[in-house]
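# Examination of the molecular architecture
Listed below, chain by chain, are the residues.
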Amino acid sequence: MARLTADQAHAIAINWQENMCSAYVDRALEAIKERAEKGYFTADVLDPHPNNVNKDECIKAMQELGFSIDHTWKDYTRWKW
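Not measured: the values here are computed from a predicted model.

Burial of the side chains of strand β3 (residues 76-80) is restricted to one face: Thr77 and Trp79 are buried, whereas none of Tyr76, Arg78 and Lys80 on the reverse face is. Relative to β3, strand β1 (residues 42-46) is paired through five bridges, and the arrangement is antiparallel. Within the sheet, the bridge partner assigned to Asp44 lies in β3 and is Arg78. As paired elements, strand β2 (residues 68-72) and β3 share four bridges and run antiparallel to each other. For Thr72, the partnering residue across the bridge sits in β3 and is Thr77. Counting the residues that bridge the hairpin from β2 to β3 gives three residues.

Structure representation (C-alpha cells):
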C-alpha cells in the first residue's frame, strides 16, 4: 500500500478549500438572484462553513464576479451589485 506524502496531503487540502469556496459562491449567487428578481441590490449571505474554510478566498471569488461587500456581521456578509 502506498503511503500518503506531504505533497499529496497538501493537494487534497487545497482542493477541499477550492470546493468549499465554490459551494459558497454558488449559494451566494442563488441568494443574489432571488433578491435581484425582487428588485433589491443587496443580499445577506451566511458566511462559509465550517469555520476553517478560507473566507478571504471566497470573498476574492465573489469580487472577481463583480460583487462588493456592503456590510459584514459576525456570520453574514451583505453583497451588493
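To continue, consider the environment of Cys21. One can find Cys21 in helix α1 (residues 6-36). On the basis of relative accessibility, which here comes to 9%, the residue Cys21 falls in the buried class. Expressed as a C-alpha distance, the spacing of Cys21 and Trp73, which sit 52 residues apart in the sequence, is 19 Å. Setting aside anything within four residues of it in sequence, one finds Cys21 in contact with Asn54, Glu57 and Cys58.

Attention now moves to the nonpolar core. Tyr24, Ile32, Met62 and Trp79 are the most contacted members of the largest nonpolar core, which has 13 residues in total. Sorting the residues of this core by element identifies α1, β1 and α2 (55-64) as the ones contributing at least two each. Per element, the largest residue contribution to this core is five residues, and it comes from α1. Excluding residues that lie within four positions of it along the chain, Ile32 makes contacts with Ala43, Met62, Phe67, Trp79 and Trp81.

The sheet built from three strands is open, its strands ordered β1-β3-β2 with antiparallel pairing. Every other strand in the sheet has two partners, leaving β1 and β2 as the edge strands with one partner each. The average undirected angle you get between the axes of adjacent strands in this sheet is 35 degrees. Relative to β1, α1 is tilted by about 145 degrees, and along the sheet it contacts β1 and β3.

Parameters at a glance
Residue positions are given per chain, counting from 1 as you read along its sequence in written order. Predicted model: local features are reported for residues with pLDDT of at least 70 only, side-chain atom pairs are reported and counted for 80 or more only, and whole-chain, interface and lining totals are derived from all residues. Remark: hydrogens and water are excluded; side-chain values derive from all non-hydrogen atoms of the structure. Categorising residues by exposure relies on relative accessible area from a 1.4 Å probe, with only protein chains included: less than 20% of the type maximum marks a residue as buried, more than 50% marks it as exposed, and the intermediate range marks it as partly exposed. The secondary structure listing takes helices from DSSP runs of H or I that are at least 4 residues long and strands from runs of E that are at least 2 residues long, numbered from the N terminus. At least two DSSP bridges between two strands are needed for those strands to be called paired. Residue contacts are counted whenever heavy atoms from the two residues lie within 4.5 Å of one another. Side-chain atoms within 4.5 Å are what join buried Ala, Val, Leu, Ile, Met, Phe, Trp, Tyr and Cys residues into a set we call a nonpolar core. The axes used here are C-alpha line fits, helices contributing only the stretch in contact, and every angle between their N-to-C directions lies in the interval 0 to 180 degrees.

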